[in-house]
Amino acid sequence: MPGHMPDSFDYLDAAHEMANTGRPTLARLLAEEAATLTDDPEEAARILRRFPAPASLRLKDC
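These notes cover the structure that comes with them. All of these numbers come straight from a predicted model, not from anything done at the bench. All chains use their own residue numbering, which begins from 1 and follows the written sequence. Since the coordinates come from a predicted model, pLDDT governs what is reported: local features require at least 70, and pairs of side-chain atoms require 80 or more to be given and counted, while whole-chain, interface and lining totals use all residues. The side-chain quantities take in all heavy atoms of the structure and omit both hydrogens and water.

### Here we look at the overall build of the chain
Counting from the N terminus, the helices are DSSP H or I runs at least four residues long and the strands are E runs at least two residues long. Secondary structure assignment for the chain yields three helices and zero strands. Note on contacts: a residue pair qualifies if any of its non-hydrogen atoms lie within 4.5 Å across the two residues. Restricting to contacts in the chain with at least 6 residues of sequence separation, those with at least 24 account for 46%. For the accessible areas, the method is Shrake-Rupley and the probe is 1.4 Å, while residue cover comes only from the protein chains on display. Approximately 4600 Å² of the chain is accessible, and the part contributed by carbon and sulfur atoms is 57%.

See below:
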């Protein structure tokens, strides 16, 4: 939709999709963006706990 700015729910939805398709690094990056857009610090921390940072950020592991 033109002019639509993604919100935290859009990023979380995409993070779940990436996690479900074996892309943990992308899932984490999307979760970090969702957490950034969340006003509640406790909710932001909960989001990040659900998508732990992968052990490796090498491109071949993404």
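### Remarks on the packing of helix H1 (residues 8–20) against helix H2 (residues 24–36)
Note on method: axes are straight lines fitted to C-alpha atoms, helices fitted across the in-contact stretch only, with angles between N-to-C directions ranging 0 to 180 degrees. One way to put it is that H1 packs onto H2 with a least axis distance of 8 Å and a crossing angle of 165 degrees. Classified by the interaxial angle, the pair formed by H1 and H2 is roughly antiparallel. Here H1 runs over H2; the crossing is left-handed. Together, Ser 8, Tyr 11, Leu 12, Ala 14, Ala 15, Met 18 and Ala 19 of H1 and Leu 26, Ala 27, Leu 30, Ala 31, Glu 33 and Ala 34 of H2 make up the contact between the two elements. In what follows, roughly perpendicular refers to angles from 65 to 115 degrees, roughly parallel to angles under 35, roughly antiparallel to angles over 145, and oblique to any angle outside these ranges. In this scheme the crossing of two helices becomes right-handed for a clockwise turn of the near helix relative to the far one and left-handed for an anticlockwise turn of less than a right angle.

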